[in-house]
Amino acid sequence: MTDKATILIVDDAPSNIQILAAILKKTFHIKVATNGSDCLKIATTEPKPDLILLDVEMPDMNGYEVCERLMGDEKKPIPIIFVTGRNNDGDEEKGLNLGAVDYITKPISPAIVLARVKTHIELKQQRDAFEVMAMHDQLTGIYNRHYLIEAAQHKIARATRHKQPLSLLMLDIDHFKAVNDTYGHSKGDEVLQEVSQVLKTQNRTEDVVARFGGEEFIILLDQCDSDSAEQKSQYLRKTIEELNPSGIKITISIGIAQLNQTGDSFDDLLKRADLAVYQAKDQGRNCVVVG
Ligand SMILES: [Mg+2]
């Protein structure tokens, strides 16, 4: 564990919160709430807690309702452990069916609370790490094709709904095979890494910069029409031309496609950008073509 994880303790009885906090505070950051609506507020505000210890019996909104609300809203819900005085199988089953990861009955045993919380925090951290790994390209650290496709679908749907411009840039390193053949694959990898860093740092955080495959990259630009995308592309093209990654002179060809508000799909955009890259290669490379 690098950073201390944060546990949100929710109980209408402050004495119960104190008992749990005393057990956990050496190992974790603690946040507290004494009712369901405060819990929902804290659980949906960044930085979100990593785990919730949730009392079942509370006035107004009980723990089951809180759990249901949290599970319903989130794509990736925060793990919840119920803490309750009820100890029959039906209640435990109900809690687990709602999506809770565990169920602890009062009176609590400090050692068991600590052990279970630690276990579920470790599982969550492994899940988070795996998720980060699954959406990034191993070599360059930027987003991978898998993540790009998912992000593109969301962004295209949103841009179409709000009638906002969106542009896709396809960037291809010119004569990259020659780089590998001349300098070796490890040099080639360094070039890909340096180019990726430039593409990533020269774009806004909301833009998706991904390695699409081999020496091919895709950038999705929100709220950006093809004119702005062309300016941006010219700037990137020039920056790469001057980069000399690992002392090797390289250039890129860029194809641009702007989203048509007439039911364009990611594949449509991709095809137009791909065609534009071909034209850029045809025109002698190291240039930008709007498709
Ligand atoms: Mg209670």
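Conventions we followed
Residues numbered from 1 in each chain as written. Predicted model: local features only at pLDDT ≥ 70, side-chain atom pairs only at ≥ 80, totals over all residues. Heavy atoms only, no water. Buried < 20%, exposed > 50% of the residue type's maximum accessible area, 1.4 Å probe, protein only. Helix = DSSP H or I, 4+ residues; strand = E, 2+ residues; numbered from the N terminus. Pairing = 2+ DSSP bridges. Right-handed = clockwise from strand over helix to strand, strands pointing away. Donors = N, O, S within 2.8 Å, 3.2 Å for Na, K, Ca; no water. Axes fitted to C-alpha atoms, helices over the stretch in contact; angles between N-to-C directions. Contact = heavy atoms within 4.5 Å.

A. Spatial organisation of the pairing of strand β4 (residues 80–84). Counting buried positions along β4 gives 5 out of 5 residues, so the element sits mostly inside the fold. Of the two faces of β4, the one carrying Ile80, Phe82 and Thr84 and the one carrying Ile81 and Val83 are both buried. Taken together, the 4 bridges between β4 and strand β5 (residues 102–105) define a ladder with parallel strand orientation. Looking across to β5, one finds that threonine 84 is bridged to threonine 105. As a crossover connection, the stretch from β4 through helix α4 (residues 89–97) into β5 is right-handed.

B. The coordination of the magnesium ion, seen in detail. Looking at the metal site, the magnesium ion is ligated by Asp12 (OD), Asp55 (OD) and Glu57 (O), spaced 2.0 to 2.2 Å from it. Along the chain, the residues that donate to the magnesium ion are spaced as D-x42-D-x1-E. Judged by relative accessible area, aspartate 55 falls into the buried class, the value being 1%.

C. Focus on the sheet that holds strand β3 (residues 51–55). Spatial strand order, β2-β1-β3-β4-β5: 5 strands in an open sheet with parallel pairing. Looking at strand neighbours, the two that pair on one side only are β2 (29–33) and β5, the edges of this open sheet. Each neighbouring strand pair of the sheet contributes to a mean axis angle of 20°, computed without reference to strand direction. Lying over the sheet, helix α2 (residues 36–43) contacts β1 (6–10), β2 and β3, oriented at roughly 140° with respect to β2.

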